[in-house]
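# Examining the three-dimensional arrangement
Residue strings, one per chain:
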Amino acid sequence: MTAVDRTGRAWGGAPEGDVPLLAVAHGSADPRAAETVSAVFERVRSLRPGLDVRVSYLDHVAPGAATALEELAARGAGEAVVLPMLLTAAYHSKVDLPGVLEEARERSPWLRVRYAHTLGPHPLLLDAVERRLEEAGARPGPDTALVLASAGSSDPEANTTVSAMASELAARGPWREVAVAYASAASPRPGEAVAALRERGASRVAVATYLLAPGFFADRVRDQSVRAGARVVSAALGDAPELARVVLERYDAARAAGHTAGML
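Residues numbered from 1 in each chain as written. Predicted model: local features only at pLDDT ≥ 70, side-chain atom pairs only at ≥ 80, totals over all residues. Heavy atoms only, no water.

Looking only at helices and strands, the chain features 8 helices and 8 strands. Taken across its 264 residues, the chain has 51% of its residues classed as buried. When contacts within the chain are restricted to residue pairs at least 6 apart in sequence, those whose partners lie at least 24 apart make up 79%. Accessible surface computed for the chain: about 11,800 Å², of which carbon and sulfur atoms make up 52%. (Helix = DSSP H or I, 4+ residues; strand = E, 2+ residues; numbered from the N terminus. Buried < 20%, exposed > 50% of the residue type's maximum accessible area, 1.4 Å probe, protein only. Contact = heavy atoms within 4.5 Å. Areas by Shrake-Rupley, 256 points an atom, 1.4 Å probe, with all protein chains shown as cover.)

Turning our attention to helix 2 (residues 65–74). Structurally, the α-helix is built with 3.6 residues per turn, so residues lying three or four positions apart point the same way. All of the buried residues along helix 2 are Ala-65, Ala-68, Leu-69, Leu-72 and Ala-73. In a view along the axis of helix 2, the buried residues occupy a sector of 140°, so they form one face of it. At the C-terminal side of helix 2, Gly-76 shows a positive phi close to 95°. (Arc of directions from axis to C-beta.)

Moving on: the packing of helix 1 (residues 31–47) against helix 8 (residues 241–257). Following both chains from N to C, one finds helix 1 and helix 8 inclined at 60°, their axes separated by 9 Å at the closest point. Judged by the sense of rotation from one axis to the other, the crossing of helix 1 with helix 8 is right-handed. Here helix 1 contributes Val-40, Phe-41, Arg-43, Val-44 and Leu-47 to the contact with helix 8, which in turn contributes Pro-241, Leu-243, Ala-244, Arg-245, Val-247 and Leu-248. Within the contact of helix 1 with helix 8, the residues separate by chemical class into 9 nonpolar, no polar and 2 charged. (Axes fitted to C-alpha atoms, helices over the stretch in contact; angles between N-to-C directions. Left-handed = near helix turned anticlockwise from the far one by under 90°. Nonpolar A, V, L, I, M, F, W, Y, C, P; charged D, E, K, R; others polar.)

Before going further, it helps to spend a moment on the confidence of the model for the chain. Per-residue pLDDT for the chain has a mean of 88; in total, 89% of the residues score no lower than 70. Contacts for the low-pLDDT stretch residues 259–264, under 50 throughout, to residues beyond four places or in other chains number 13 contacts. (pLDDT = per-residue confidence, 0-100.)

This part is about the sheet that holds strand 7 (residues 204–209). Ordered in space as 6-5-7-8, the 4 strands form an open sheet in which the pairing is parallel. Edge strands, defined here as strands with exactly one partner in the open sheet, are strand 6 (178–182) and strand 8 (232–233). When strand 7 meets strand 8, the two strands line up parallel, connected through 2 bridges. Across the sheet, residue Ala-206 finds its bridge partner in strand 8, namely Val-232. Sheet contacts for helix 6 (residues 190–199): strand 5 (144–150), strand 6 and strand 7; angle to strand 5, the most-contacted strand, approximately 165°. (Pairing = 2+ DSSP bridges.)

Further remarks concern the pattern of salt bridges. In this structure the tally under the stated criterion is 15 salt bridges. Between Arg-43 and Asp-239 there is a salt bridge whose closest N-O contact spans 3.9 Å. Residue Arg-43 is found in helix 1, and its partner Asp-239 is found in the loop between strand 8 and helix 8; the two are separated by 196 residues along the sequence. Taking relative accessible area as the criterion, Asp-239 reaches 29% and is therefore assigned partly exposed. We note a salt bridge from Asp-52 to Arg-54, for which the minimum N-O separation is 3.1 Å. Classification of Asp-52 as partly exposed rests on a relative accessible area of 23%. Each of Arg-43, Arg-132, Glu-135 and Asp-239 takes part in one network of salt bridges that share partners. (Salt bridge = Lys/Arg side-chain N within 4 Å of Asp/Glu carboxyl O.)

This is how it looks when you write it as structure tokens:
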């Protein structure tokens, strides 16, 4: 049976025309991160056979986004959808990547680049968070508090987005309380959030790792949370099937909107 989205469109349907999808992930020196990104896009390819799906990175891992765009242009592509593989809109999606796209447009003015929205926020990502928590053995209940731990950002809007997602998680399940934490750039840190919840009377604390892939920040979230007394720490979202569906939804929306690089 072919899976369909909420509008009835087949996830596995053939795309209209051959407009490549170029995903741009952050990149990490930890090889587990690139392995996870590759697994996500294997799911995407399985859902949308025939779609030209490519992956690039902003740092640490080749190919870089600029190189990938140059290759598309050299192969004769006239159009591409660029998708920032990021959970929140912050510096990388607002400054770094638009700069790369502007340079690409100057080098290859015939290449029409549509810029997709970041992955988050999206309700399907909350489904993925709940999936990972359940796999880790965490269940919402009146004695269990939850920490939603993200990478953190110097952009207040990005952190506000994470706080809003925590509020949505609180509305979904009977958690005692849902708090946020950040592995860097903002506070509280995961260990601080866990400790505060325990001080407020939570007998159990679970931590949801709201990160795309295992790596430095995911390890930091786990280590700090466990030391502070968390009972459960979920894995990063990884190749949860919900992520592949979000990718295709962002791709389809970018194609439909028709925004090109520089019109952000």
